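Listed below, chain by chain, are the residues.
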Amino acid sequence: MGNTSKKLAAKCTLLTKDEQKYVAATFRAASKNSERIREEDLIVSGKIDAVSLEKFWGPQIDPRLAQYLTNFLFGSGQQKTATVEFNRFAELYVYNVRGTVEERMMVTYNCLGMDYNEDFELPFQLLKEYCESIVSAYIKIVKSSSSKRARTWIDKGFRATASHVQALGEAVAASVGGDMESPQHCTAQQLSKWLQSNILLKQVAELVYVNLYGINKRAGDESPTPLPPAAPSLLPGPDGLDPMPDYPAFIDMSHIVWINAHLPQQFQHKWRFLFSTHIHGESFSTMTGRIIEQGPSIIIIEDSSGYIFGGFAPAPWAFGPNFTGTDESFLFTCAPKMRIYPATNYNDHYQYMNHHTKTLPNGLLMGGQFHFGGIWVNAEPFGEGSSAESCSTYRGYRRLSKEPSFRIRSLEVWGVGDKPVIDKDEDERDLSVLDTNPEAKAILDMAGRTRHSEGIREPPPL
C-alpha cells in the first residue's frame, strides 16, 4: 500500500488494518489518487465510471441503490456537496457491515435523502424501494459470482426474475409494521426495532457492501469473500441435483433465500433434493417413501393458480396416528407475496402423515385440525389439497393457496442440513416394533416396493 493509502487509512479509525488497504484502494481508484471523490467520478446516471470503479461496482450496482449511496456520501438538496472525503466513504461501509442500530438508522434516513429525526414518520413506500435496491444488488452479485454454489442453482434453472426479487425486497420491508402486512408509514421506534430484529436485511446489506468495497477480493476472483467471521451464505448448497441436467424448477433464487433465511441456522448450509412430482410422478406412496427418515425438511407447493407456498417440518416424516414436530416449524408463502408464519405454541399440530388407514385421514398435514389444516395434501387421489381460512398453530396465518381447495401443479420436498445418521441399534428396535404392528409394516413395505417398481434412482450418497 502506497503513502497515499496509508495517509487515508490513518484518517479513519473505524476500519481494521485488513480493511484499510481494500477500502483505501477503492477510494483511490474513484478519486484518481486524490483525497476527495467527486460525484461524477463515482456514479454517472446511476452507473459507475468504467475507468474508476467498474471492477468493484459496475456489474453489481442497482441504479436506485446508486442514488441512495450518493445521497449518503454527498448529501441531497441544499446540503449537497461536490466532493466526499475518505472518512465519509469508509463510514458507509462500516455502518452497513457492523454498525449499531442507531448508525444504521442514520444510514437509512441519509440514503433516503433525509436527516435522522425521531419525530418523523418514514413513508413505507420509500423504505420498500430502499430494501428492493439492496436485495437487487445482492442478486446481481450472486448472478455474477463464480462460486460453485451459486452456479449450480443457476445452471439447474433456478432464476432470479425481477418480479420475485422485488417481492423479496417488499417482504424484507413489510415486517417493519409488526403485523406482516405493509403499513403506510413507520415510526423511528418501529424502524429501530425492525433493524435490530431483521437478520435477513443485515446479512444482505453486509454481503452487498463487503462486495462493493472489494474487501478481501483476490485477483481474478469475482465472488465476494468477506473478512472473518464470515457472513453466512444466504444460498444453501444444493445436493442431489447433479443427475438431472434439466431440472423443472418452479421456484426462484429469491424464494430460496427467503425460505433459507428463516430455517434454524444449523440447517441453512445445505438443501438435499428428495422428491418432485415432475420427476418422480404424482404418487403419495413414492413421495412418502423418499421423505421418511430424512431429517428436517421443507415442502414447497405450487397450486394451479400459480400460488407458491409450503412449510418447514423440523422432525423427520413418519407414518403414525399422532402429530409430531416442534415449535421450530413454520409455514410460508413465496408467491404472490413472501410471508412467514411461525408457531404460536397454542397447539403442537405441526406434522401428520398417514396412508392406507381406515380410521384416520390419509395424507400429509401441517397445522390446524384434520380437514382444516394449514396445508393438507391428499393421499388418494394425489394431486388435491386444501388450505384452511384460519389455523391457530401458526401466528398471523392467512390462507396459503388462492382457493381453499386446490390442484397441485408442482410439489417438491427438500431435506435441509446434513442427512441424519441412523443408529443401527435403534433401527433394529424400530423393526422389532413393526413386527408387532402389521399395518405400519405394510405401509413401509409398500413404500419400498413403489420406489423399486417405478425405477426411481436414489440421490447420490452425501
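Source: prediction; values computed, not measured. Chains are numbered independently. Their residues run from 1 in the order of the written sequence. The model is predicted, so local features are restricted to residues of pLDDT at least 70 and side-chain atom pairs to those at 80 or more, both for listing and for counting; the totals for chains, interfaces and linings are taken over all residues. Only hydrogens and water are removed before side-chain values are computed, so all heavy atoms of the structure are retained for them.

Undergrad: Is there a simple way to explain the overall build of the protein in this structure?
TA: Only DSSP runs of H or I covering at least 4 residues are called helices, and only runs of E covering at least 2 are called strands; the numbering of each starts at the N terminus. Helices and strands together make up the secondary structure of the protein, namely 17 helices and 17 strands. Here the term buried applies to any residue with accessible area under 20% of the maximum for its type, exposed to any over 50%, and partly exposed to those in between, with areas from a 1.4 Å probe on protein chains only. Looking at the protein as a whole, 53% of its 462 residues qualify as buried. Sequence-distant contacts in the protein: of pairs separated by 6 or more residues, those separated by 24 or more amount to 68%. Note that accessible areas follow from Shrake-Rupley with a 1.4 Å probe, and for residues the cover is restricted to the protein chains shown. Summing over all exposed atoms, the protein offers an accessible surface of approximately 20,900 Å²; the carbon and sulfur share of this is 50%. The contact definition used throughout considers only heavy atoms, calling two residues in contact when any of these lie within 4.5 Å.

Undergrad: Even after reading the chapter, I still don't get the packing of aromatic side chains, so can you show me in this structure?
TA: Two numbers describe a pair of aromatic rings. These are the distance of the centres and the angle of the planes. The rule is short: rings of Phe, Tyr and Trp, with Trp giving its six-membered ring, pair when the centres are within 6.5 Å, and they are stacked under 30 degrees, edge-to-face over 60, tilted in between. Using the criterion set out here, one finds 23 aromatic pairs in the structure. The interplanar angle of 90° and the centroid separation of 6.0 Å between the aromatic rings of tryptophan 153 and tryptophan 271 together place this pair among those described as edge-to-face. Residue tryptophan 153 is located in helix 9 (residues 148-155), and its partner tryptophan 271 is located in strand 8 (residues 270-276); the two are separated by 118 residues in the primary sequence. In this structure, tryptophan 153 and tryptophan 271 share a single accessibility class: buried.

Undergrad: Is there a simple way to explain empty space enclosed by the protein in this structure?
TA: Empty pockets left among the atoms are what a rolling probe the size of a water molecule brings to light. Cavities and pockets are found on a 1 Å grid laid over the protein atoms alone: a cavity is a set of points where a 1.4 Å probe fits but cannot escape, a pocket is an open set with protein on both sides within 12 Å along at least five of seven lines, and a lining residue has an atom within 4 Å of such a point. Grid points are joined across faces, edges and corners, and a volume is the space filled by probe spheres set on the points. Scanning the model with the defined rule gives four cavities of 30 Å³ or more in all. Taken as a whole, the largest cavity encloses approximately 100 Å³ of empty space. Lining the largest cavity we find Asn96, Arg104, Val107, Thr108, Tyr130, Ile134, Trp194, Leu195, Leu201, Lys202 and Ala205. Every element with two or more residues in the lining of the largest cavity is listed here: helix 7 (101-111), helix 8 (124-144), helix 11 (188-197) and helix 12 (199-212).

Undergrad: Help me out: how do you make sense of the confidence of the model for the protein in this one?
TA: For any part of a model where pLDDT is low, the fine detail of the predicted coordinates should not be relied upon. Looking at the protein as a whole, its pLDDT mean stands at 82, while 77% of the residues score no less than 70. Residue-level confidence of the predictor, termed pLDDT, takes values from 0 up to 100. Residue range residues 43-56 is modelled with pLDDT below 50. Its contacts to residues more than four positions away, or to other chains, number 31 contacts. In the predicted structure, residues 218-232 sits below a pLDDT of 50 and forms 29 contacts with residues beyond four places in sequence or in another chain.

Undergrad: For this particular structure, what's the right way to read the pairing of strand 17 (residues 405-416)?
TA: Along strand 17, nine of the twelve residues are buried, which leaves the element largely enclosed by surrounding structure. At least two DSSP bridges between two strands are required for those strands to pair. As judged from the five bridges shared by strand 8 and strand 17, these two strands associate in the antiparallel manner. Its bridge partner being in strand 17, phenylalanine 275 is matched across the sheet by valine 413. Judged from the three bridges that link them, strand 16 (residues 384-386) and strand 17 form a sheet pairing that is antiparallel. Its bridge partner lying in strand 17, glutamate 384 is registered against arginine 407.

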